[in-house]
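Given next are the chains, with one letter for each unit.
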Amino acid sequence: MMTVKRLPLWSLILAGVLLGGLAGGLYGVLKPPQYSATSYVIAVPDEKSDPQTALGFAQAYGRVATQIAVLGDAQVWAGVPVKVLQDSVTAQTSPDAPMIAVSATSARPSEAADMANAVARALTVDAGHTQDSTQVKLLQFSRAVKPTGPSSLSPVVTALVGASAGGLLGGLVILVRPRRERTGTTATVPGPAVAADLHGSV
């Protein structure tokens, strides 16, 4: 009767690497590429203000750049609903410079640039309404341009990530697997009383 040999433990890691790499590669192929574009806005103090004040307002405007008040105006220029802007646009500021980076991501390169520029424009317009009280104005420092390449990971990279995750999972399975108990009989040594009885009977 033929018996099936137990597979070595390292085969679990190999299987995890292969399956993870396959899943990651398929994800990279099937998921549409994403494109990112960034527009930069700078806060400029007027003659009654100072650079430190401009830096503080840049931080504040960066936090409201993705709020509904700004996105509601931006949707007109971007040509997309507010919900799309909420899901696609982010804003980042620097602790050292009064600069706001407005980034947008889309499956279409031109749409990514349009959304970033639209939000940056809406932000500067809204800031202009309160310029007399804040003594700081926002200017579009650099317009977003149409990206030439995707910002999302390539199928090769996603396959490598999946293979790494699969190998790690396989290693964890080996570590947490239940241990097999050894089977078989063990010899028992008679106690002192039993040994004395045997000696007397001889």
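The rules behind the values
- Residues numbered from 1 in each chain as written.
- Predicted model: local features only at pLDDT ≥ 70, side-chain atom pairs only at ≥ 80, totals over all residues.
- Heavy atoms only, no water.
- Helix = DSSP H or I, 4+ residues; strand = E, 2+ residues; numbered from the N terminus.
- Buried < 20%, exposed > 50% of the residue type's maximum accessible area, 1.4 Å probe, protein only.
- Contact = heavy atoms within 4.5 Å.
- Core = buried A, V, L, I, M, F, W, Y, C linked by side-chain atoms within 4.5 Å.
- Pairing = 2+ DSSP bridges.
- Axes fitted to C-alpha atoms, helices over the stretch in contact; angles between N-to-C directions.
- Phe/Tyr/Trp six-rings, centres within 6.5 Å; stacked < 30°, edge-to-face > 60°.
- Parallel < 35°, antiparallel > 145°, perpendicular 65-115°, else oblique.
- Left-handed = near helix turned anticlockwise from the far one by under 90°.
- Nonpolar A, V, L, I, M, F, W, Y, C, P; charged D, E, K, R; others polar.
- Polar contact = N/O pair within 3.5 Å; in protein donor to acceptor, adjacent residues only side chain to side chain.

We now examine the overall build of the protein. When its secondary structure is counted, the protein shows 8 helices and 4 strands. Ordered by position from N to C terminus, the α and β elements of the protein give α-β-α-α-α-β-β-α-α-β-α-α. Sorting the 202 residues of the protein into buried and exposed places 31% on the buried side. When contacts within the protein are restricted to residue pairs at least 6 apart in sequence, long-range pairs at least 24 apart make up 78% of them.

Membership of the largest hydrophobic core comes to 31 residues, with the highest contact counts inside it found for Leu85, Val89, Ile100, Met115, Val119, Leu123 and Leu138. Contributions of two or more residues to this core are made by strand S1 (35-45), helix H2 (51-64), helix H3 (68-78), helix H4 (82-88), strand S3 (99-106), helix H5 (109-129) and strand S4 (136-142). Here this core gets 10 residues from one element, more than from any other, and that element is H5. Leaving out residues up to four positions away in the same chain, methionine 115 has contacts with Ala78, Val80, Val84, Leu85, Ser88, Val89, Ala104, Thr105 and Ser106.

Strand order in the open sheet formed by 4 strands is S2-S3-S1-S4, and the pairing between neighbours is antiparallel. Among the strands making up the open sheet, the edge pair consists of strand S2 (89-93) and S4. Between one strand axis and the next, the sheet turns by 25° as a mean value, whatever way the strands run. Across the face of the sheet, H2 comes into contact with S1, S2, S3 and S4 while running at roughly 145° to S1.

We now examine the packing of aromatic side chains. What the rule picks out here adds up to 1 aromatic pair. Seen in terms of ring centroids, phenylalanine 57 and tyrosine 61 are 6.2 Å apart; in terms of plane orientation they differ by 35°. Their pairing is tilted. One end of the pair, phenylalanine 57, and the other, tyrosine 61, are both in helix H2, 4 residues apart, so they sit about a helical turn from each other.

Okay, the packing of H3 against H5 next. Taken N-terminus to C-terminus, the directions of H3 and H5 make an angle of 130°; their axes are 8 Å apart at the nearest point. It follows from the interaxial angle that H3 and H5 lie oblique. In this structure, H3 crosses over H5, and the sense of that crossing is right-handed. Touching Ala69, Val70, Leu71, Asp73, Ala74, Trp77 and Ala78 of H3 are Asp114, Met115, Ala118, Val119, Arg121, Ala122, Leu123, Val125 and Asp126, all from H5. Taken together, the residues of the contact of H3 with H5 break down into 12 nonpolar, no polar and 4 charged.

The next thing to look at is the side chain of serine 106. On the secondary structure map, serine 106 appears in strand S3. At 3.1 Å, the side chain of serine 106 forms a polar contact with the backbone nitrogen of arginine 108. The residues contacting serine 106, other than those within four sequence positions of it, are Pro33, Gln34, Tyr35, Glu111, Ala112 and Met115.

The subject of this paragraph is the side chain of serine 88. Relative to the assigned elements, serine 88 resides in helix H4. Classification of serine 88 by relative accessible area gives buried; the value is 15%. Only 2.8 Å separates the side chain of serine 88 from the backbone oxygen of valine 84, close enough to count as a polar contact. Setting aside residues no more than four positions away along its own chain, serine 88 makes contact with Ser103, Ala104, Thr105 and Met115.

The next thing to look at is the environment of serine 106. What makes serine 106 buried here is its relative accessible area of 5%. Spatially, the C-alpha atoms of serine 106 and proline 33 are 8.5 Å apart, while their sequence positions differ by 73 residues. A distance of 2.6 Å separates a polar atom in the side chain of serine 106 from a polar atom in the side chain of glutamate 111.

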